[in-house]
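# What the coordinates show
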Amino acid sequence: MRLEPVSTRGYGDQTVLELTIDDTGRVADYSVSHGQLTPEMQMIILFSRFTPATFQGKRTWGKTCLVFTRQRNAKS
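### Considering the confidence of the model for the protein chain
- Confidence along the protein chain averages 82 in pLDDT terms, with 76% of residues attaining 70 or more.
- The least confident element of the protein chain, judged by mean pLDDT, is strand 1 (residues 2–4) at 58; the most confident is strand 3 (residues 27–33) at 94.

### A look at a nonpolar patch on the surface
- Residues Met43, Leu46 and Phe47 make up a contiguous nonpolar surface patch of about 360 Å² in total accessible area.
- With respect to the helices and strands, Met43 occurs in helix 1 (residues 39–47).

### Examining the pattern of salt bridges
- Tallying each qualifying case throughout the model produces one salt bridge.
- A salt bridge links Glu18 to Lys63, with the nearest nitrogen and oxygen atoms 3.2 Å apart. Residue Glu18 is found in strand 2 (residues 14–21), and its partner Lys63 is found in strand 6 (residues 62–69); the two are separated by 45 residues along the sequence.
- Judged by relative accessible area, Glu18 falls into the partly exposed class, the value being 21%.

Basis of the calculations
- Residues numbered from 1 in each chain as written.
- Predicted model: local features only at pLDDT ≥ 70, side-chain atom pairs only at ≥ 80, totals over all residues.
- Heavy atoms only, no water.
- pLDDT = per-residue confidence, 0-100.
- Helix = DSSP H or I, 4+ residues; strand = E, 2+ residues; numbered from the N terminus.
- Patch = residues over 30% accessible without salt bridge, like charges linked within 9 Å, V, L, I, M, F, W, Y side chains within 5 Å.
- Areas by Shrake-Rupley, 256 points an atom, 1.4 Å probe, with all protein chains shown as cover.
- Salt bridge = Lys/Arg side-chain N within 4 Å of Asp/Glu carboxyl O.
- Buried < 20%, exposed > 50% of the residue type's maximum accessible area, 1.4 Å probe, protein only.

Structure below.
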């Protein structure tokens, strides 16, 4: 998993979790692109705290993306 700008687009074997962060640093909303919501993503949504965005020195809402690379199943 890695943090990316909101303009990030998932492709190939990546799932993008776009988070809306409120002015207290908590996840207020989310969307999933190019995959499904996983238990790992649910834990991030519920328990993560982020540094809120600022505008003119005041805390405000913002967005960020988490990019997950899907595991490929190896055949034996």
